[in-house]
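# Descriptive analysis of the structure
What follows is the residue order along each chain.
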Amino acid sequence: MPEAGSASFSARADSSLTVSWPMRARDPRLGQAERWLRYAVPGTLAMFLACLVGLAALHIQGQRAEILAGARAEIEGFARLAARAVAPAGTVASDLQTLMPESGRHPGRRLLLVRPDTRIAAAHPPLPADLTTLAQVLGDGEPLSGLGERAGAMALELPGGESVLAAVHSLPGGAGQVAVLQPVEPLLRGWSARTRDQIVLIAAAALVIVGVGLAYGLQTRHAARADRAREQIRGRLETALRRGACGLWDWDVARGRIYWSDSMYSLLGYRRQHEYLSFGDVNGLVHPDDGDLYSLARGLAANQTFIDHAFRMRGSDGAYVWLRARAEVVADAADGGRHLVGIATDISEQRALEETNAAADMRLRDAVEAISEAFVLWDTGNRLVLCNSKFRHLHALSPEDAQAGRSYMDVMGRGVLPQVRRESPDAGRALIGMTSRTFEAELADGRWLQISERRTKDGGYVSVGTDITSLKRNQEQLLASERELIETVKDLKRSRRTLELQTQQLADLAERYLDQKAAAEAASQAKSEFLANMSHELRTPLNAIIGFADVMENAVLGPLGTPRYTEYCRDIRESGSHLLSMIDDILDMARLEARRVRLDPRAICAETAIAAALAPVEAAAREKAITISVDVPQGLDLLADPNAMQQILANLIQNALKFTPAGGQVVVRARRAGTRTHLFVEDNGIGIPRSDLARLGRPFTQVETQMTRSHKGSGLGLAITRSMVELHGGSLRIRSEVSVGTIVLVRLPAPSAERSDQTLPEVSAPRPVAAARTGRRAARPVAA
């Protein structure tokens, strides 16, 4: 048996089935020969008939010629014998009669005795009296009288129109001639009779042959028309079967062979190789879950006469096709066998549609069951179609009570109607003459239901009961809220009068606020003037104190005498420097708050700026054995004011060194991040509690309290740094963990052609990092 993927079948071809559809000629040469044969057989018959007629004509003509030839020879011999036997001149007619007695062998023969002058001396039978010469008897221009026996026997036509055979022989001694005339018609009388018989026989044979040819022609024409009609009917049937996705089956149950139409092969995608299929070939294609042909055979053996069976058969692509076979047992009149004849229809789409409908029905039932409302559907006869568990629960129905197909009275008679405390006025009216209605009802347990009933297109109706208890309660709450709103509006009207009085009071307060604002601005101006004066007044004595302390510490004018004075001078100088640094920080913070600082941003090398900021703190780092690492990519630039950048980095690095214990590490890194440049200052110092990070950056704010302070400082360095970073258009962020360390991130705009040409807000250049913090004083630029 061939595999499922094969596109052809093999079957026995040594069988025939009377009810099977005739097959076309497989060899086109046979069809060509058949067409030629249709014309060759009539042509052969015509040629045979022509040959038969020709041969018969030749035979008849040969017989005639043979008779005439024999007659000529006989006449010539008779003339010669008569010439020898005739007496000399003077012989009379009785002598001629003796030579040629009356006999039936020579009917009509005439013997003439001619004198040398061509006159007839005697004749037997006698001639008419007016015929006296041979020329008159034979006609003018006859050659016999002149030629004599040299001419032999000749066929002549007498003047009276009679055809004769004539022979002339000269008498011995020139005594005259003997002429013998034999009419042809008596000689051919027997031949004519035989000719008629042969013509009749040939005509009968020709009639038979022509009849056979006509019958053959008619039969072939009828067969050709029948073939065309059969092919046309077959084509129509195959087209109808193919368009109808059907296939013709003819199962010879006794012989175990099955005939399929071409449409059946096309339906499964196979190709016909032989006329019939074996029982096993077809049974192997049936799906094992759908039974087999053996069960059908057993049913047929049990006198089953009709078959209506759905099953699957494997196609040429390996996929199974759903078929429905409808067949009837038919008895074969030829051999008495039983045939199962019918059609197999492709129902794959129908099965797929049924499965789709079943899935859709299941989804519909699941959807109806999943909704929160009580749902029920009745048909035109008030029979139950579908309901969900909410409807059964509402009416206290079991699943057996609410089976589909039961009448409305039967279903409702098995259930319990819910007790209705109150319902809308039109709830009692039936759904008659209306397409829909909706009403509300309050149940005895306090629940509210909104019942909607609608007519369907087929005359039934659907009912949906929605629990609107929460909606009703919300409506009640809305009514209560509306009453409260009305009271609130009344209170608002009373409050409006109060607000009008308060508005008048606020106007008075605003007027006083303007007066106080002017006073505050005047105070701020006075503060600025005070700070400027204090800067000059405090710097002058502090510079003197620091300078004289430096002179005494270095013993410029001579030794002080006691070494402790040197230590005192150092303390005086350091305290003065620290006080001067604090005054500078306060003044810088005042200028930043007043936005009186001018920056000159430009592209500066990040590595150079960091190196300049690290130079003043290297000595302090060495004293505490702190390692400072720098990680800056080659060619990285910063868009900033050089002095301000130096002060920002110096403040951050000094803070990192201040709060990092001895032997610690400080790392300064710079990275490009899109349109920004990131500067990182990292240390592994004491760290900052997370709760205090939000306070950092405020003026005069320190994490350590007055009782636990172990590091000197005014608390303005980080605030000044944050303000300067923000003046550059950047931001500052701090991440820290106690006992782990701190990371400070400075985000600045990256330098570009457009940004290099921009001018930041008008602020004066900040002072360089105070060298006093590292033990040396730097020159201070003049403030703008």
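Above this note sits the structure.
Throughout what follows, the structure given in this document is the object of discussion.

## Topic: the pattern of salt bridges
Applying the stated rule across the entire model yields 20 salt bridges. Notably, a salt bridge pairs Asp262 with Arg272, separated by 2.9 Å at the nearest N-O pair. Of this pair, Asp262 sits in helix 7 (residues 262-268) while Arg272 is found in the loop between helix 7 and strand 8 (277-278), placing the two residues ten residues apart along the sequence. Here Arg414 and Asp410 are joined by a salt bridge, their closest N and O atoms 3.1 Å apart. With Arg414 and Asp410 both in helix 12 (residues 408-414) and four residues apart, the pair spans about one turn of that helix. Given the relative accessible area of 40%, Arg414 is considered partly exposed. Bridged by salt links that share partners, the residues Asp227, Arg230 and Glu231 form one connected network.

## Points about the packing of aromatic side chains
Going through the model one piece at a time under the given rule, you end up with six aromatic pairs. When the centroid spacing of 5.6 Å and the interplanar angle of 70° are considered together, the rings of Trp260 and Tyr265 count as edge-to-face. Judged on exposure class, the residue Trp260 and its partner Tyr265 are both buried. Counting every residue linked through ring pairs, the aromatic cluster contains Trp249, Trp260, Tyr265 and Phe311. Here the basic side chain of Arg109 rests over the ring of Phe78, its NZ or CZ set 5.3 Å away from the ring centre.

## Points about the sheet that holds strand 1 (residues 110-114)
With antiparallel pairing, the five strands of this open sheet are ordered in space as 2-1-5-4-3. Lying at the two open borders of the sheet, with one neighbouring strand each, are strand 2 (120-124) and strand 3 (154-157). Averaged over all pairs of adjacent strands, the angle between strand axes in this sheet comes to 25°, irrespective of strand direction. As defined by bridge partners, strand 4 (residues 163-170) adjoins strand 5 (residues 177-183) across seven bridges and the pair is classed as antiparallel. Note that in strand 5 the partner of Ser170 across the bridge is Gln177.

Procedures and definitions
- Residues numbered from 1 in each chain as written.
- Predicted model: local features only at pLDDT ≥ 70, side-chain atom pairs only at ≥ 80, totals over all residues.
- Heavy atoms only, no water.
- Salt bridge = Lys/Arg side-chain N within 4 Å of Asp/Glu carboxyl O.
- Helix = DSSP H or I, 4+ residues; strand = E, 2+ residues; numbered from the N terminus.
- Buried < 20%, exposed > 50% of the residue type's maximum accessible area, 1.4 Å probe, protein only.
- Phe/Tyr/Trp six-rings, centres within 6.5 Å; stacked < 30°, edge-to-face > 60°.
- Lys NZ or Arg CZ within 6 Å of the ring centre and 35° of its normal.
- Pairing = 2+ DSSP bridges.
- Axes fitted to C-alpha atoms, helices over the stretch in contact; angles between N-to-C directions.

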